[in-house]
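Listed here are the chains, written in short residue letters.
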Amino acid sequence: MALKQIALLFACFAIVAAENPYRFFNWNITYGTIYPLGVPQQGIWINGQFPGPDIYSVTNDNIIVNVFNSLDEPFLIHWNGVQNRRNSYEDGVYGTTCPIPPGKNFTYILQMKDQIGSFFYFPSLAFHKSAGGFGSIKILSRPLIPVPFDPPTDDFSLLIGDWYKSNHTALKKILDNGKKLPFPDGILINGRGPNVTSFTIQQGKTYRLRICNVGLQNSLNFRIQGHKMKVVEVEGTHTMQISYSSLDIHLGQCMSVLVTGDQPPQDYYVVVSTRFTTPVLTTTGFLRYANSNKKASGPLPGGPTTQIDWSLNQARSIRTNLTASGPRPNPQGSYHYGMIPTVRTIRLASSAGQVNGKQRYAINSVSFVPADTPLKVADFFQISGVFRVGSISYTPSGGGIFLDTSVMGVDYRTFIEIVFENSEDIVQIYIYINVMIFYIRMDGGQWTEASRNQYNLRDAVSRSTVQVYPKSWSAIYIALDNVGMWNLRSEYWARQYLGQQFYLRVYTTSTSLRDEYPIPKNALLCGRAKGRHTRPF
């Protein structure tokens, strides 16, 4: 579909945000041979690129991405952390969107409504994420909105993540056969293995690095030899500007740091290593000073020498900069989340086990099974029998794992508390893709109502991901101001694939466009919705 046709197709959408610019992208999704760890394997390219192209945008921009699927299987793109205001149909996960068939296209309509910050996109079906198809999303502040740091000399994206030498089809087969994945083979920086990726800086200048963990199952530690990193933003929130020697970045998380070229001109090691694993995987890149030919030397900078406590304390130290403007010209601290009464407490507990002799993962004992029709599409057409609201409980049952298409119902424009409880021996990472969440407390042991006495009700960081340390809990507040069907899932891709996810149905009887956009006119229809007709905007 030509860009002019796309613009005409969504002309009525422009009425909603006529004053905001449009940015058009045409993407062709293909297979290609890649060699990130020195052996050939089947990768997923976007316009011949691995990783895919960056998306640059500004707050409130309208992003139109026409995706043509040249693979031999269905495909979807998910926008990790991007808030699709009033439009869950565009999220690019199977619970809301029909896949793009081979040889067909679909045009995503996104608005970076009231957002800034660092995010990424990736393919959400099957195990495509392990083959590529991911890229960086940068949402810049509007020109008149003050940013709490001087403009950097340059702005680099660093997509880090664990990687397998096996093709994505082989990894999917392991899971389909009811087995666990083996330990990864290595770590990539921007799709490349050890000693390949480099960034060139000028002495005395300051640079912004947007670091995202796009991997499959491991938390990572990031550090630069001889340099401090000042954290200034995490997933859309300007933070208190604290400098660190190394940073734990968990699955699905992004953060921006400022790095100044304040060392003697030469090359310095950039190091990424796995956390909480035995053995520890490590990869390296280089920070290069311009006009210097001196190679990096000396031992690699060491990571944290302790495990959970160090990571927990660092996570607690990342707080919101209350005086900085966010996407609007008012301080981030003007939203007093700690003064809003919650109407419901939801407690979520993970579990792992066997169902019918195969490995499964669950939340509140329910292991999610995809329906034959995307849930949001079935909801719109009022197709019965696809899912059942209430098929997952608000609190852990303590029972064994069972299979269901789990959907939890909540009311629009309410404020809720969610407590994640982790009795397992690994760090759990969850993402909720509706709105940003206020990460008010994390701690060890069992959560009780008395735990609320420890909540940070003033400057907790707001982001789209939450980590839960082993034998620990984490609590968040969420404002349910987005009608739709929203995925809450583990960021461990094998775990979500084998059931550790569900959908939160934020519901209202209102049919106003102010609350939710209707199904897009160009929506692909599949399953029990195939052959039906959508209505225009």
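Above this text you will find the structure in question.
Worth saying up front: this structure is predicted, and the values here are computed from it rather than measured. (Residues numbered from 1 in each chain as written. Predicted model: local features only at pLDDT ≥ 70, side-chain atom pairs only at ≥ 80, totals over all residues. Heavy atoms only, no water.)

## Quick look at the packing of aromatic side chains
Point 1. All told, the structure shown has 24 aromatic pairs when counted by the stated rule.
Point 2. Consider the rings of Phe 25 and Trp 27, whose centres lie 6.4 Å apart with planes at 65 degrees: the pair is edge-to-face. Comparing Phe 25 with Trp 27, the two get one shared label, buried.
Point 3. Members of the aromatic cluster, joined through ring pairs, are Phe 25, Trp 27, Trp 79, Phe 106, Tyr 108 and Tyr 121.
Point 4. Positioned over the ring face of Phe 122 is Lys 129, at 4.5 Å from the centre of the ring.
Point 5. Positioned over the ring face of Tyr 394 is Arg 344, at 3.9 Å from the centre of the ring. (Phe/Tyr/Trp six-rings, centres within 6.5 Å; stacked < 30°, edge-to-face > 60°. Buried < 20%, exposed > 50% of the residue type's maximum accessible area, 1.4 Å probe, protein only. Lys NZ or Arg CZ within 6 Å of the ring centre and 35° of its normal.)

## What to know about the sheet that holds strand 25 (residues 406–411)
Point 1. With respect to topology, 6 strands assemble into an open sheet ordered 23-25-33-32-27-30, the strand pairing being mixed. The sheet is open, and its two borders are formed by strand 23 (388–389) and strand 30 (465–468), each paired with just one other strand.
Point 2. Bridge analysis of strand 25 against strand 33 (residues 501–507) gives 5 bridges, and the strand direction is parallel. Note on strand 33: the bridge partner recorded for Val 407 is Tyr 503. (Pairing = 2+ DSSP bridges. Helix = DSSP H or I, 4+ residues; strand = E, 2+ residues; numbered from the N terminus.)

## Some details on empty space enclosed by the protein
Point 1. Taken as a whole and judged by the stated rule, the model has 3 cavities of 30 Å³ or more.
Point 2. Volume-wise, the second largest cavity comes out at about 60 Å³.
Point 3. Around the second largest cavity, the lining residues are Lys 129, Phe 134, Leu 159, Ile 160, Gly 161, Asp 162, Trp 163, Leu 188, Val 214, Gly 215 and Leu 216.
Point 4. At 5 residues, strand 9 (residues 155–163) tops the list of elements feeding residues into the lining of the second largest cavity.
Point 5. The residue inventory of the lining of the second largest cavity, partitioned by class, reads 7 nonpolar, 2 polar and 2 charged. (1 Å grid on protein atoms, 1.4 Å probe; cavity = no way out; pocket = protein on both sides within 12 Å on 5 of 7 lines; lining within 4 Å. Points joined across faces, edges and corners; volume = space filled by probe spheres on them. Nonpolar A, V, L, I, M, F, W, Y, C, P; charged D, E, K, R; others polar.)

## Here we look at the state of the cysteines
The bond known as a disulfide is covalent and runs between the sulfur atoms of two cysteines.
Point 1. For the coordinates displayed, the defined rule picks out 2 disulfides.
Point 2. The disulfide partner of Cys 98 is Cys 526, and the gap between their sulfur atoms is 2.2 Å. Its S-S torsion of about -90 degrees marks the bond between Cys 98 and Cys 526 as left-handed, since a negative value means left-handed. Pair noted here: Cys 98 is in the loop between strand 5 (77–80) and strand 6 (105–111) and Cys 526 is in the segment after strand 33, with a separation of 428 residues, a long-range link.
Point 3. On the basis of relative accessible area, Cys 98 is assigned to the buried category, the value being 2%.
Point 4. Under the relative-accessibility criterion, Cys 526 is labelled buried at 16%.
Point 5. Shown here is the disulfide that connects Cys 212 with Cys 254, its sulfur atoms set 2.1 Å apart. In this structure the cystine formed by Cys 212 and Cys 254 twists about its S-S bond by roughly 115 degrees; its chirality is therefore right-handed. Of the two residues, Cys 212 sits in strand 12 (residues 206–213) while Cys 254 sits in strand 17 (residues 254–260), which places them 42 residues apart along the sequence. Cys 254 matches Cys 212 in its accessibility class, with the two residues each being buried. (Disulfide = S-S within 2.5 Å.)

## Side note on the nonpolar core
Point 1. Ranked by internal contacts, the top residues of the largest apolar core, which has 84 residues, are Phe 222, Leu 348, Leu 375, Ile 418, Phe 420 and Tyr 432.
Point 2. Those residues in contact with Ile 418 that lie beyond four places of it in its chain are Ile 346, Leu 348, Ser 474, Ala 475, Ile 476, Ile 478 and Leu 488.
Point 3. Formed by 26 residues, the second largest nonpolar core is a distinct cluster that contains Val 67, Ile 77, Met 112 and Leu 125. (Core = buried A, V, L, I, M, F, W, Y, C linked by side-chain atoms within 4.5 Å. Contact = heavy atoms within 4.5 Å.)

## Description of the pattern of salt bridges
Point 1. Evaluated as defined, the whole model comprises 21 salt bridges.
Point 2. Between Asp 155 and Lys 138 there is a salt bridge, with its nearest N and O atoms 3.3 Å apart. Placement of Asp 155 in strand 9 and of Lys 138 in strand 8 (residues 135–140) is noted, with a sequence separation of 17 residues between them. Of the two residues examined, Asp 155 and Lys 138, each falls in the buried class.
Point 3. Here Asp 176 ties to Lys 172 by a salt bridge, and the two come within 2.8 Å at their closest N and O atoms. Separated by 4 residues within a single helix, Asp 176 and Lys 172 lie in helix 3 (residues 168–176), roughly one turn from each other.
Point 4. For Asp 176, a relative accessible area of 32% gives the class partly exposed.
Point 5. One continuous salt-bridge network, built from bridges that share partners, spans Lys 138, Asp 155 and Arg 210. (Salt bridge = Lys/Arg side-chain N within 4 Å of Asp/Glu carboxyl O.)

## Some points on unusual backbone geometry
Leaving glycine aside, a negative phi is the common case for residues, and trans is the common case for peptide bonds.
Point 1. The linkage connecting Phe 50 with the following residue, Pro 51, adopts the cis geometry, with an omega of -10 degrees.
Point 2. Inspection of the secondary structure puts Pro 51 in the loop between strand 2 (41–46) and strand 3 (55–58).
Point 3. The omega angle of the peptide bond from Thr 278 to Pro 279 is 0 degrees, so this bond is cis rather than trans.
Point 4. As for its position among the elements, Pro 279 is in the loop between strand 18 (267–274) and strand 19 (282–289).

## Some points on helix 4 (residues 308–317)
Point 1. For helix 4, the full list of buried residues reads Ser 311, Leu 312, Gln 314 and Ala 315. Down the axis of helix 4, the buried side of the element spans an arc of 165 degrees, and every buried residue falls inside it.
Point 2. For helix 4, the secondary structure elements touched by its buried residues are strand 15 (237–244), strand 16 (246–249), strand 28 (437–444) and strand 30. (Arc of directions from axis to C-beta.)

## Structural notes on the side chain of Glu 421
Point 1. Along the chain, Glu 421 falls in strand 26 (residues 415–422).
Point 2. A distance of 2.8 Å separates polar atoms of two side chains, one belonging to Glu 421 and the other to Arg 347.
Point 3. Ignoring anything within four residues of it in the chain, the contact list for Glu 421 reads Arg 347, Leu 348, Ala 349, Ser 350, Pro 396, Trp 447, Ser 472 and Trp 473. (Polar contact = N/O pair within 3.5 Å; in protein donor to acceptor, adjacent residues only side chain to side chain.)

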